[in-house]
Amino acid sequence: MEWFSRWKLVVVEWLAQAGVPEEQRVTIALALFAALVVTGLLLAGWLTVRLLRKPSLPAAAEETAEPPAEEQELVEQAVTEPASLAESDAALQEPPSEPVVEAKESFVAEEPALKAEEVAPSSEDVVLAPEIEVVPAAEDVVPAPTIEAPTVDEVVVPEPEEPVKISLFERMRTGLAKTQASLVGRIDALLSSSQSIDEDLLEELEEVLVTADFGMPTTMDLMQSLQKRIAAGEAADPQALRGLLKEEIRQRLRLEAAPLDLEGSSPFVIMVVGVNGVGKTTTIGKLAHQFVSQGKTVLLGAGDTFRAAAAEQLTVWGERAGVEVIRQESGSDPAAVAFDAAKAAVARKVDVLILDTAGRLHTKVNLMEELKKIRRVLDREIPGAPHETLLVVDATTGQNALVQARLFQETVAVSGLALTKLDGTARGGMLVAIGNELGLPVRYVGMGEGLEDLRPFDPDLFVEALFEQQG
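Reading guide: rules and limits
Residues numbered from 1 in each chain as written. Predicted model: local features only at pLDDT ≥ 70, side-chain atom pairs only at ≥ 80, totals over all residues. Heavy atoms only, no water. Helix = DSSP H or I, 4+ residues; strand = E, 2+ residues; numbered from the N terminus. Buried < 20%, exposed > 50% of the residue type's maximum accessible area, 1.4 Å probe, protein only. Areas by Shrake-Rupley, 256 points an atom, 1.4 Å probe, with all protein chains shown as cover. Salt bridge = Lys/Arg side-chain N within 4 Å of Asp/Glu carboxyl O.

Undergrad: Give a description of the overall build of the protein that names residues and reports values.
TA: Counting its secondary structure elements, the protein contains 18 helices and eight strands. The buried share among the 471 residues of the protein stands at 37%. Taken as a whole, the protein presents about 27000 Å² of accessible surface, with 58% of it coming from carbon and sulfur.

Undergrad: Hey, could you go over the pattern of salt bridges for me, with residue numbers and the actual values?
TA: Side chains that differ in charge, positive against negative, can pair when their charged atoms come close. Across all of its chains, the model carries 20 salt bridges by this definition. In this structure, R242 and D188 form a salt bridge, with 2.6 Å as the shortest nitrogen-oxygen distance. Highlighted residues: R242 in helix α11 (residues 238-253) and D188 in helix α8 (residues 177-192), separated in sequence by 54 residues. Residue classification places R242 among the buried positions, given a relative accessible area of 9%. D188 sits in the partly exposed class, given a relative accessible area of 25%. In this structure, K421 and D394 form a salt bridge, with 3.2 Å as the shortest nitrogen-oxygen distance. One end of the pair, K421, is in the loop between β6 (416-420) and α17 (429-438); the other, D394, is in strand β5 (residues 388-394), with 27 residues separating them in the sequence. What makes K421 partly exposed here is its relative accessible area of 35%. Taking the relative accessible area as the measure of exposure, D394 reaches 8% and is therefore buried. Here the residues in one salt-bridge network are D221, R229, E234, E247, E248 and R252, joined through shared partners.

As structure tokens, this is what we get:
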């Protein structure tokens, strides 16, 4: 029975990965095996019945082939059939002429009467129709403009009010739908199926946190804090454990970091860095739109001179946000672009300068050194610049985003993060890991492709949207 034991282990492991409680895994595995056995027996019985029925078919064929003595009768019938067919053809050829004529005559006789009857009422209808149509047509023309004007005003007034009230929380909630299902949904299912807080419950909770990309250091830190609070009597049942976990996550996201002080320097310089494909250019365009909507003057620097059409892409975003872009030819020195952008920002007295940089792997030392050169040029032209080094990371990369943040922080002194594509991943726990392990504040989170889908990060709003109970 080794094959059964191996099959059972495979099924139990699969059920464990699916989040099935341990006490139910063996029962479900045995039920699946029983279902397979019953299905096999039913299939064998069906095949047996099919095989038993097949011999009756040849016997029936032999019975139909037995009477060779009737061949003469068949020949005679074959001889007589052409004659009967000929007679039937003749009969068919003669009668059609008479009924066809009668049918035509009958139709001709009836059609005029019908047409005569139809013409009379149609003439009356033609007279009445215009009288009925003209009156309402004239009536509809008069009230139409008076009705359309108020309806337009009624539709325009409520539309701007609704998104102002629900857009922030609603966008955050919908953007975290995948993370909520993989994290909070599994936690709620685990807690609802447990009667008390024991070691098994804590082990399964730890597994849920790791699979949601909290990472081992952050997960162990969370579990130690929870165990201390449980020992202190703060959680008497599994449902109370949910509230404790919510508070612990909020504490790790609420970092003591000063918000962006755009008034502290003129111009306020933001250098945007990150690896290839994380959405730096898109993030810059959305940031420019937000600052312009706040009444700030913004200038963009196209420091990504290596990627094809990078400057053109940034120019398109600049046009959408209504800001100017400083750029050079493709292949130029990024530090030279930073120099021109800094000079232009000072001369034009803009409020904010946002400098794009080429996407680079965090493992390439020479490319990372180039970022240091750009920082030196900016600091020489505008003392203290860049005032914010914003690292853009892709939330869908999971723990790799944590590695990127750590190495960029060591090289260019990252001061804040912009987390993009949060709506496309179930691994939102890495945001907690970055805050807990690196102490980097998350400045912005991106949850869509629109200009309004890059939002300033609010830890309290994030946690409330993540732990919101549906229905």
